[in-house]
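Here are the chains, one letter per residue:
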Amino acid sequence: MHNKGLGITVLQEFKWTKKMPLDTSLGKGSKQKISWSKKVLIILGFLFVLGAVALITVAVVQNKPLPKNMKYGIVLDAGSSHTSVYVYNWPAEKENDTGVVQQVEVCKVDGPGISSYSKDVEKAGLSLQDCMNTAKQVIPKKEHRDTPVYLGATAGMRLLSLDNNKIADKVLLSVEKSLRLYPFDFQGCRIITGQEEGAYGWISINYMLGNFKQSSSWMPFQQTSTETSGALDLGGASTQITFEPTDSINESPENFMLFRLYGKTYNVYTHSFLCYGKDQALRLRLANDVKNAGSTNLQNPCFNPGYVKNMSAVDLYGSPCTAKYKLFSSSFILITGTGDYHQCQQNLQDMFNKTECPYSRCSFNRIFQPELSGNFGAFSAFYFVMNFLNLTSEKDLSKVKETLKEFCSESWQQVKEKFPDIKEKYLSEYCFSGTYILTLLEMGYGFTSENWGNINFLRKIKGSDAAWTLGYMLNLTNMIPAELPSSPPLSHASYVGLMVLFSFLLASVVFIGWLYFWKPRCLQKGII
Ligand SMILES: O=P(O)(O)OP(=O)(O)OP(=O)(O)OC[C@H]1O[C@@H](n2cnc3c(O)ncnc32)[C@H](O)[C@@H]1O
Ligand SMILES: [Ca+2]
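All of these numbers come straight from a predicted model, not from anything done at the bench.

## Overview of the sheet that holds strand 13 (residues 308-312)
- One open sheet holds the 3 strands; their spatial order is 12-14-13, and the pairing between them is mixed. Edge positions in the sheet fall to strand 12 (297-300) and strand 13, since each has one partner strand and no second. Between one strand and the next, the sheet's axes are offset by a mean angle of 25 degrees, whatever the strand orientation.
- Bridge count for strand 13 against strand 14 (residues 332-337) is 5 bridges, and the pairing is antiparallel. Residue Asn 310 lies in a different strand from strand 14, and its bridge partner there is Leu 334.
- Sheet contacts for helix 9 (residues 278-293): strand 12, strand 13 and strand 14; angle to strand 12, the most-contacted strand, approximately 120 degrees.

Shown next, in the form of structure tokens:
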């Protein structure tokens, strides 16, 4: 009896296979079908296990505990012209990463730098109180006890200690007494060396720029590192140049510092010129002019025409930079501006002795300097002055000189009318300061029209002020590891991508398995 309906044929086949033992009774086609099913099952099972293992591995390797709380640190930059209080913070669990420390507050202390309180040392400490109270408000109360406070004094205090070491100590004691009144973890007040000032400035800017980041990949030997940027800092009493030279000539060991940061060694050149900050450089120039002219009545090309100033002799000769030039008993020096850029530059060139050099190469004043290399970040007064003159992004040195020439020749009356809101002390000195910056960079350090464009005049990097303070704190809190800390092997994007891919793979395996073994009736061959 033959049933012709297709559905019945299938049912009969089904009945038959169920009754017969598989190994002996199956036909050739059915045997092949079952061994094929086994293979598919094994492949699907293998893919499923692979997907599951991959998913778990990626999740375990990538997911580290999330940062829970923030840590804080305070650094006081006690400069020659003023003190600034910097408050930094960073996620507690990430303190060894690069670029995680951020500036959350900067408070400019009212009044002059702490070295100016030599006649009334108690006031040095008192002057810091307003800014320390601001820091107290910015930092959450529960973090106060764990927040380290460091004070680093620079060239103003270096000069004071050269002049009178005991008074310098008294000033430091006064600021220490004041800082200990706060609920923070006081870590010390000290005068930092010019070498430290340069090196910490270099560390700060390269940390903020992310230059210490080694781009780690899947293979540890494939790490590549970025070039570092040099640092140029112009303060009121000293100036620093710091960079990583390309050649390894190391004729003057005192100008080199060796750092091991994030698994890489850096041999960094640095020099600090005491008395070459912009305030002391002006005094140095004027004291020399008085000596050369044999008169206290000076015609000066570095001030705008029509500018007249009576400068007290105490102010002019009251620092170790100029004390030796004091010849006259007169109590005032009269300065009259003539506003001539070229004469000003010629006059300033005398400050840079290029004739004697005990090394294969020098910057000036017998100081070794390797060949300039790479980019430079120029901050502090380099930025303030170039920013006022609108020259921070001018890459053509001849245009810089033209602008300066024009500015110097403007009458003092005109300048005052044009910029009524700018402090008269700053405004009157921009012609001198601009010309001094150019002379220092060109004649002193050897920048030319070819590499002028490598200098970036900057104030902040990613929200933090360019200053030595960050590098100082990073070093004292051991936040820069010598070796590269282990980090997640994947970027967040790769992590998410892989998770999606593996999830898709798993879902596909399950779906194909379901289709194959538990075919829905409508898809079963032969039913329709
Ligand atoms: O590093 P040291 O030498 O100790 O000095 P400092 O730390 O006090 O020096 P700053 O970088 O704060 O300032 C450098 C100089 O720039 C001056 N200055 C600050 N703001 C300025 C502005 O807006 N325009 C012009 N000059 C400015 C300031 O008076 C100093 O003479
Ligand atoms: Ca400074």
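## Considering a nonpolar patch on the surface
- A grouping of Trp 36, Leu 41, Phe 511, Ile 512, Trp 514, Tyr 516, Phe 517 and Trp 518 is seen on the molecular surface, where their side chains present a nonpolar patch of about 870 Å² in accessible area.
- Of all the secondary-structure elements, those providing two or more residues to the nonpolar patch are helix 3 (28-62) and helix 17 (492-517).
- In terms of residue count, the dominant contributor to the nonpolar patch is helix 17 (5 residues).
- Within the secondary structure layout, Ile 512 lies in helix 17.

## Observations concerning the site of ligand 1
- Near ligand 1 there are 19 residues, and of these Ser 81, Thr 154, Ala 237, Asp 279 and Tyr 430 occur at the shortest range.
- Take Ser 81: an N or O atom from its side chain is 2.6 Å from an oxygen atom of ligand 1.
- Contact distances for ligand 1 include 2.7 Å between an oxygen atom and a side-chain N or O atom of Asp 279.
- Here ligand 1 has 630 Å² of accessible area as a free molecule, and 89% of this is covered by the chains.
- Split into classes, the residues belonging to the shell around ligand 1 amount to 7 nonpolar, 9 polar and 3 charged.

## Brief notes about the packing of aromatic side chains
- Taken as a whole, this structure holds 31 aromatic pairs when the rule is applied.
- The interplanar angle of 55 degrees and the centroid separation of 5.4 Å between the aromatic rings of Phe 243 and Tyr 269 together place this pair among those described as tilted. Residue Phe 243 is found in strand 9 (residues 238-243), and its partner Tyr 269 is found in strand 11 (residues 264-274); the two are separated by 26 residues along the sequence. We note that Phe 243, like Tyr 269, is buried.
- Site record: aromatic cluster; members linked through ring pairs are Phe 243, Phe 256, Tyr 269, Tyr 359, Phe 368, Phe 376 and Phe 447.

## Focus on the UniProt feature "active site" (unreviewed entry) in the protein chain
- UniProt records the feature "active site" (unreviewed entry) for Glu 197 in the present numbering.
- Structurally, Glu 197 can be placed in helix 8 (residues 194-208).
- In contact with Glu 197, other than residues within four places in its own chain, are Thr 154, Arg 158, Ile 192, Asp 233, Ser 238, Gln 240 and Trp 468.

## Thoughts on the sheet that holds strand 4 (residues 148-153)
- The 5 strands lie next to each other as 3-2-1-4-5, forming an open sheet whose pairing is mixed. One side of each edge strand has no neighbouring strand; the edge strands of this open sheet are strand 3 (102-108) and strand 5 (185-191). The mean angle between the axes of side-by-side strands here comes to 15 degrees, regardless of whether they run parallel or antiparallel.
- Here helix 5 (residues 129-138) sits on the sheet in contact with strand 1 (70-78), strand 2 (83-91), strand 3 and strand 4, set at roughly 150 degrees to strand 3.
- Contacts from helix 7 (residues 165-179) reach strand 1, strand 4 and strand 5 within the one sheet, and its direction differs from that of strand 5 by about 165 degrees.

## Comments concerning helix 8
- The first and last C-alpha atoms of helix 8 sit 21 Å apart over 15 residues, in line with the 21 Å expected at 1.5 Å per residue.
- Here helix 8 lies mainly inside the structure; 14 of its 15 residues are buried.
- A positive backbone phi angle near 75 degrees is found at Gly 210, which sits one or two residues after helix 8.

## Some words on the pairing of strand 2
- With respect to burial, strand 2 is a largely interior element, 9 of its 9 residues being buried.
- Residues of strand 2 alternate between two faces, with Thr 83, Val 85, Val 87, Asn 89 and Pro 91 on one and Ser 84, Tyr 86, Tyr 88 and Trp 90 on the opposite face, all of them buried.
- Direction of pairing for strand 1 relative to strand 2: antiparallel, over a ladder of 9 bridges. Bridge assignment links Ala 78 to a residue of strand 2, and that residue is Thr 83.
- Where strand 1 folds back onto strand 2 in an antiparallel hairpin, the turn is made up of 4 residues.
- Relative to strand 3, strand 2 runs antiparallel, the two being bridged by 6 bridges. By the bridge assignment, Val 85 is partnered in strand 3 with Cys 107.

Conventions and cut-offs
Residues numbered from 1 in each chain as written. Chains lettered and ligands numbered in written order. Predicted model: local features only at pLDDT ≥ 70, side-chain atom pairs only at ≥ 80, totals over all residues. Heavy atoms only, no water. Pairing = 2+ DSSP bridges. Helix = DSSP H or I, 4+ residues; strand = E, 2+ residues; numbered from the N terminus. Axes fitted to C-alpha atoms, helices over the stretch in contact; angles between N-to-C directions. Contact = heavy atoms within 4.5 Å. Patch = residues over 30% accessible without salt bridge, like charges linked within 9 Å, V, L, I, M, F, W, Y side chains within 5 Å. Areas by Shrake-Rupley, 256 points an atom, 1.4 Å probe, with all protein chains shown as cover. Salt bridge = Lys/Arg side-chain N within 4 Å of Asp/Glu carboxyl O. Near = heavy atom within 4 Å. Polar contact = N/O pair within 3.5 Å; in protein donor to acceptor, adjacent residues only side chain to side chain. Nonpolar A, V, L, I, M, F, W, Y, C, P; charged D, E, K, R; others polar. Phe/Tyr/Trp six-rings, centres within 6.5 Å; stacked < 30°, edge-to-face > 60°. Buried < 20%, exposed > 50% of the residue type's maximum accessible area, 1.4 Å probe, protein only. UniProt positions renumbered as here; feature names shortened; annotations may be inferred. Expected span 1.5 Å × (residues − 1).

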